Amino acid sequence: GGIEAVVAAMRAHAGAAGVQEGGCEALLNLCNDNDENKVKTADHGGIEAVVAAMDAHAGVEGVQERGCWALCRLCYNNDENKVKTADHGGIEAVVAAMRAHAGA
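Bear in mind the structure is a predicted one, so any value in this text is a computation, not a measurement.

**Description of the nonpolar core**
Working step 1: Formed by 21 residues in total, the largest nonpolar core has its most connected members in Met10, Cys24, Leu27, Val50, Met54 and Leu71.
Working step 2: The set of elements that each furnish at least two residues to this core consists of helix H1 (2-12), helix H2 (17-31), helix H4 (46-56), helix H5 (61-75) and helix H7 (90-100).
Working step 3: When residues of this core are assigned to their parent elements, the largest contribution, six residues, is made by H4.
Working step 4: Here Met54 is in contact with Val63, Gln64, Gly67, Cys68, Leu71, Ala93, Val94 and Ala97, once residues within four sequence places are set aside.

**With respect to the environment of Trp69**
Working step 1: The topology assignment puts Trp69 in helix H5.
Working step 2: Residue class for Trp69 comes out partly exposed when judged on its relative accessible area of 42%.
Working step 3: For Trp69 and Asn32, which are 37 residues apart along the polypeptide, the C-alpha to C-alpha distance reads 9.9 Å.

**Quick notes on the pattern of salt bridges**
Working step 1: According to the stated counting rule, one finds eight salt bridges in the structure shown.
Working step 2: Between Arg66 and Glu25 there is a salt bridge, with the nearest N and O atoms lying 3.4 Å from each other. On the criterion of sequence distance, the pair formed by Arg66 in helix H5 and Glu25 in helix H2 is long-range, its members being 41 residues apart.
Working step 3: Arg66 gets classed as partly exposed once you look at its relative accessible area, which sits at 21%.
Working step 4: Of the charged contacts, one joins Lys40 and Glu36 as a salt bridge, the two residues approaching to 3.1 Å between their closest N and O atoms.

**Some words on unusual backbone geometry**
Working step 1: Here the phi dihedral of Asp33 falls at roughly 55°; this positive angle occurs in a residue that is not glycine.
Working step 2: With respect to the secondary-structure elements, Asp33 resides in the loop between H2 and helix H3 (35-43).
Working step 3: Phi at Asn77 takes a positive value of approximately 60°, unusual for a residue other than glycine.
Working step 4: Within the secondary structure, Asn77 is located in the loop between H5 and helix H6 (79-87).
Working step 5: By relative accessible area, Asn77 is classed as exposed at 59%.

Scoring rules and cut-offs
Residues numbered from 1 in each chain as written. Predicted model: local features only at pLDDT ≥ 70, side-chain atom pairs only at ≥ 80, totals over all residues. Heavy atoms only, no water. Core = buried A, V, L, I, M, F, W, Y, C linked by side-chain atoms within 4.5 Å. Buried < 20%, exposed > 50% of the residue type's maximum accessible area, 1.4 Å probe, protein only. Helix = DSSP H or I, 4+ residues; strand = E, 2+ residues; numbered from the N terminus. Contact = heavy atoms within 4.5 Å. Salt bridge = Lys/Arg side-chain N within 4 Å of Asp/Glu carboxyl O.

Structure representation (structure tokens):
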């Protein structure tokens, strides 16, 4: 499926900011108003992929913005994903993005 392909691309091209930004955007769109895709994304490592992208590209505003939105969509009305996001460093990644790009 598409979710697995996006996560695989993000893992394979971890150093490419453009791939990371596009991957985060794809996941946020796939999870928007779709509870099943939120679960699938988390089950296939999507939360970890988004956090890794944000950590690896802390200075890239687009990755940070799309990463924050992706985590927002993944966690909206999904308590299990909220816990997984916290467990995988998502809260710290969002706070770091807010600090680094406060003027954006």
